[in-house]
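Inside the fold
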Amino acid sequence: MNPTTGWLVAGVSLLNILACVWLIWATSRRKPNEVAEGAVKEDVWDGDLRELNNPLPRWWLNLFIITIVFAIGYMVVFPGFGHMAGVLDWSKRGEMESKLAQLTERREAKLNELAAFPVAEIASHPDARKVGQELFGSYCAGCHGANAEGARGYPNLTDDDWLYGGTPQAVVASITNGRGGVMTPFLSQLSNEQVSQLIALVADWPEGEPSGRQAEGMAVFRQRCAACHGMDGHGNQALGAPDLTDDTWLYGGDPDTIRETILFGRQGKMPSHKALLSEQEIKLLAGYVIGLGQ
Ligand code: HEC
Ligand code: HEC
C-alpha cells in the first residue's frame with residue numbers, strides 16, 4: 001500500500017469510528033419517551049402502539065461500545081490502520097514464513113532421522129527410499145531420467161555397471177563432487193586403418209585371444225588405450241573409463257558411434273551437488289541410487 005492510499009484508508013477508518021461514537025452519544029442523550037420529532041398524536045396503531053424515540057437499551061449500547069474498543073485495539077495490534085504495521089508486526093507473509101520455517105525444521109528433523117541409517121540400509125527402508133526418490137525427481141531426473149535409466153551420455157543408474165564404482169563412498173563422492181570423464185580425441189594420432197582395427201575390436205570384444213583384424217586392433221589398443229581402459233579393456237573406475245568388454249554403452253556400441261568417440265573424444269560431466277544438497281540428502285540419494293541396482 002503506498003502512503004497516500006494508506007493515509008486515506010486510515011482517515012476513512014477513523015471517520016467511521018468517530019461517526020459510531022457520535023451516533024451512540026446522540027442516541028443515548030434523548031430523554032425516555034420523548035415523542036419523535038414530527039410524530040403526531042395520530043401516529044398510534046393498534047390502540048396503544050405509538051412512535052416514540054426511546055434511547056437504545058443499555059446492553060445494546062454496551063455492545064456497540066465493545067465493538068468500537070475492539071476495532072481500535074485491533075488496529076493498534078494488527079495492520080489495519082492504513083499502512084501501519086501494528087504493534088505485533090504481524091503480516092500474512094510473516095505468518096507464512098514462520099509456517100514454512102516450521103515445516104523446514106520438521107523436514108530436516110525427518111531427514112536427519114532417516115539419514116542416520118547406513119547408506120546400504122536406506123535402499124530397504126521404505127520412508128528413506130521415498131525421500132530419496134523425491135530428491136532424485138527434483139535434482140537428478142533431468143539428466144538421468146525419471147526412472148534413472150539414463151540416456152546417451154548419461155549413465156544408467158539402475159544396472160550394476162558403474163563408471164566410478166557402486167560402493168556407498170563412490171556414489172556419495174559422485175553426487176557430492178561431481179564427475180568428469182575425459183577421453184582424449186585421437187583424430188590426429190591414429191590412421192584410418194588403426195581406427196578401423198580398433199572399431200573391429202571394441203564393437204565386439206572377443207572372449208578369448210583375438211584373431212585377424214581384432215588382433216591388429218588389440219595391438220593398437222594395448223599401445224594407445226590400455227592406459228585408461230586397462231590391458232584387458234575392463235576399464236578403470238578411478239578415471240571413469242568404461243568397461244569396453246560388456247554390453248553396456250554410455251554413448252553407443254555401433255561402429256559409427258565408436259568411431260566418433262575415438263576421433264573426437266568424450267567429456268561427460270556430472271555437476272557437483274555440494275552447494276545444492278545437504279550431506280543428509282546426498283546420503284539418502286546415494287542409498288536410493290544403490291537400491292536401484294539391487
Ligand atoms: C547435468 C546433468 C546431470 C545431473 C543433474 C546429474 N547427473 Fe549424475 N551424471 C551425469 C553424467 C553426464 C554422468 C557421467 C559422467 C561421466 O561421463 O564421467 C553422471 C554420473 C553419475 C554417477 C556415476 C555413475 C557411475 O556409473 O559411476 C552417479 C552415481 C550419478 N551421476 C548420480 C546422480 C545423482 C544422484 C544426481 C542428482 C543429485 C545426478 N547424478 C545429477 C549427469 C548428471
Ligand atoms: C585418457 C584416458 C583414455 C584414453 C587414452 C582412452 N579412453 Fe576411451 N574413454 C575414457 C573415458 C574417461 C571415457 C568415458 C567418457 C565420458 O565419461 O564421457 C571413455 C569412453 C570411451 C568409449 C565410449 C564407451 C561407451 O560406453 O559408450 C569408447 C568406445 C572408448 N572410450 C574407446 C577408447 C579407445 C578405442 C581408445 C584408444 C584409442 C581410448 N578409448 C582411449 C578414457 C580414455
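Details of the structure are given in the entry above.
Residues numbered from 1 in each chain as written. Chains lettered and ligands numbered in written order. Predicted model: local features only at pLDDT ≥ 70, side-chain atom pairs only at ≥ 80, totals over all residues. Heavy atoms only, no water.

Concerning the overall build of the protein
Counting its regular elements, the protein contains twelve helices and four strands. A globule of 294 residues ought to have a C-alpha radius of gyration of about 19 Å, yet the protein, at 40 Å, is considerably larger. For the C-alpha atoms alone, the extent of the protein along its principal axes is close to 130 × 40 × 40 Å. Classification of the 294 residues of the protein by burial places 32% in the buried group. Contacts in the protein between residues far apart in sequence, at least 24 positions, make up 58% of those at least 6 positions apart. (Helix = DSSP H or I, 4+ residues; strand = E, 2+ residues; numbered from the N terminus. Rg over C-alpha atoms; globule rule 2.2 N^0.38 Å. Buried < 20%, exposed > 50% of the residue type's maximum accessible area, 1.4 Å probe, protein only. Contact = heavy atoms within 4.5 Å.)

Quick notes on the site of ligand 2
Met 183, Cys 225, Cys 228, His 229 and Tyr 251 are the nearest of the 24 residues found near ligand 2. The contact in question runs from an oxygen atom of ligand 2 to an N or O atom on the backbone of Leu 250, over 2.6 Å. Counting only elements with at least two residues in the shell around ligand 2, the list comes to strand E3 (179–183), helix H10 (226–229), helix H11 (255–264) and strand E4 (266–270). When its residues are assigned to classes, the shell around ligand 2 shows 15 nonpolar, seven polar and two charged. (Near = heavy atom within 4 Å. Polar contact = N/O pair within 3.5 Å; in protein donor to acceptor, adjacent residues only side chain to side chain. Nonpolar A, V, L, I, M, F, W, Y, C, P; charged D, E, K, R; others polar.)

Regarding the pattern of salt bridges
Taken as a whole and judged by the stated rule, the model has seven salt bridges. The partner of Lys 130 in a salt bridge is Glu 134, and the shortest N-O contact between them spans 3.9 Å. Separated by four residues within a single helix, Lys 130 and Glu 134 lie in helix H5 (residues 126–139), roughly one turn from each other. One network of salt bridges, in which partners are shared, links Arg 152, Glu 260 and Arg 266. (Salt bridge = Lys/Arg side-chain N within 4 Å of Asp/Glu carboxyl O.)

Here's the deal with a nonpolar patch on the surface
Together, Leu 56, Trp 59, Trp 60, Leu 63, Phe 64 and Ile 66 give the surface a local cluster of nonpolar side chains, amounting to about 610 Å² of exposed area. Note on Leu 56: relative accessible area 34%, which makes it partly exposed. (Patch = residues over 30% accessible without salt bridge, like charges linked within 9 Å, V, L, I, M, F, W, Y side chains within 5 Å. Areas by Shrake-Rupley, 256 points an atom, 1.4 Å probe, with all protein chains shown as cover.)

Structural notes on the site of ligand 1
The environment of ligand 1 is made up of 26 residues, and the closest members are Cys 140, Cys 143, His 144, Tyr 164 and Met 270. Within the side chain of His 144, a nitrogen or oxygen atom sits 2.8 Å from a nitrogen atom of ligand 1. Interatomic distance of 2.4 Å between a side-chain N/O atom of Tyr 164 and an oxygen atom of ligand 1. Mapped by element, the contributors of at least two residues to the shell around ligand 1 are helix H6 (141–144), helix H7 (168–177), E3, E4 and helix H12 (279–292).

Considerations on the coordination of the iron atom of ligand 1
Within the first shell, the iron atom of ligand 1 binds the protein through His 144 (NE2) and Met 270 (SD), at distances of 2.0 Å. Coordination at the iron atom of ligand 1 is octahedral: its six donor atoms span angles of 88 to 180 degrees at the metal. Here the residue His 144 occupies a position in helix H6, and Met 270 occupies one in strand E4, the gap between them amounting to 126 residues. (Donors = N, O, S within 2.8 Å, 3.2 Å for Na, K, Ca; no water. Tetrahedral: all angles 85-135°; square planar, octahedral: opposite > 155°, others 65-115°.)

So, the side chain of Arg 266
Among the structural elements, Arg 266 can be located in strand E4. According to the relative accessible area criterion, Arg 266 is buried, its value standing at 13%. A polar contact of 2.9 Å, which involves the side chain of Arg 266, links it to the side chain of Thr 261. Setting aside chain neighbours within four positions, we find Arg 266 in contact with Arg 152, Gly 181, Val 182, Met 183, Tyr 251, Thr 257, Glu 260 and Thr 261.

Considering the layout of surface pockets
If you add up the space inside the second largest pocket, you get close to 160 Å³. A breakdown of the residues in the lining of the second largest pocket according to their chemical character gives three nonpolar, no polar and five charged. (1 Å grid on protein atoms, 1.4 Å probe; cavity = no way out; pocket = protein on both sides within 12 Å on 5 of 7 lines; lining within 4 Å. Points joined across faces, edges and corners; volume = space filled by probe spheres on them.)

Quick look at the nonpolar core
Formed by 25 residues in total, the largest nonpolar core has its most connected members in Phe 136, Val 171, Ile 175, Leu 284, Leu 285 and Val 289. At the level of elements, helix H3 (92–115), helix H4 (119–122), H5, H7 and H12 are the ones that each hand at least two residues to this core. No other element matches the eight residues that H12 contributes to this core. Sequence-distant contacts of Ile 175, defined by excluding residues within four places in its chain, comprise Met 270, Pro 271, Ser 272, His 273, Leu 277, Ile 282, Leu 285 and Ala 286. Counting residues in hydrophobic clusters, the runner-up holds 18 residues, among them Leu 198, Trp 205, Val 220 and Leu 244. (Core = buried A, V, L, I, M, F, W, Y, C linked by side-chain atoms within 4.5 Å.)

Let's talk about the packing of H5 against H12
Viewed as axis vectors pointing N to C, H5 and H12 meet at an angle of 100 degrees, and their least axial separation amounts to 8 Å. Considering their axes alone, H5 and H12 lie roughly perpendicular with respect to each other. The residues of H12 that touch H5, namely those facing Ala 128, Arg 129, Val 131, Gly 132, Gln 133, Leu 135 and Phe 136, are Glu 281, Leu 284, Leu 285, Tyr 288, Val 289 and Gly 291. Split by residue class, the contact of H5 with H12 holds eight nonpolar, three polar and two charged. (Axes fitted to C-alpha atoms, helices over the stretch in contact; angles between N-to-C directions. Parallel < 35°, antiparallel > 145°, perpendicular 65-115°, else oblique.)

Notes on the environment of Ile 199
On the secondary structure map, Ile 199 appears in helix H8 (residues 192–203). As for Ile 199 and Gly 253, which are separated by 54 residues in sequence, their C-alpha atoms are 9.3 Å apart. Those residues in contact with Ile 199 that sit more than four places away from it in its chain are Pro 255, Ile 258, Arg 259 and Ile 262.

No statement about biological role is implied by the geometric values presented.
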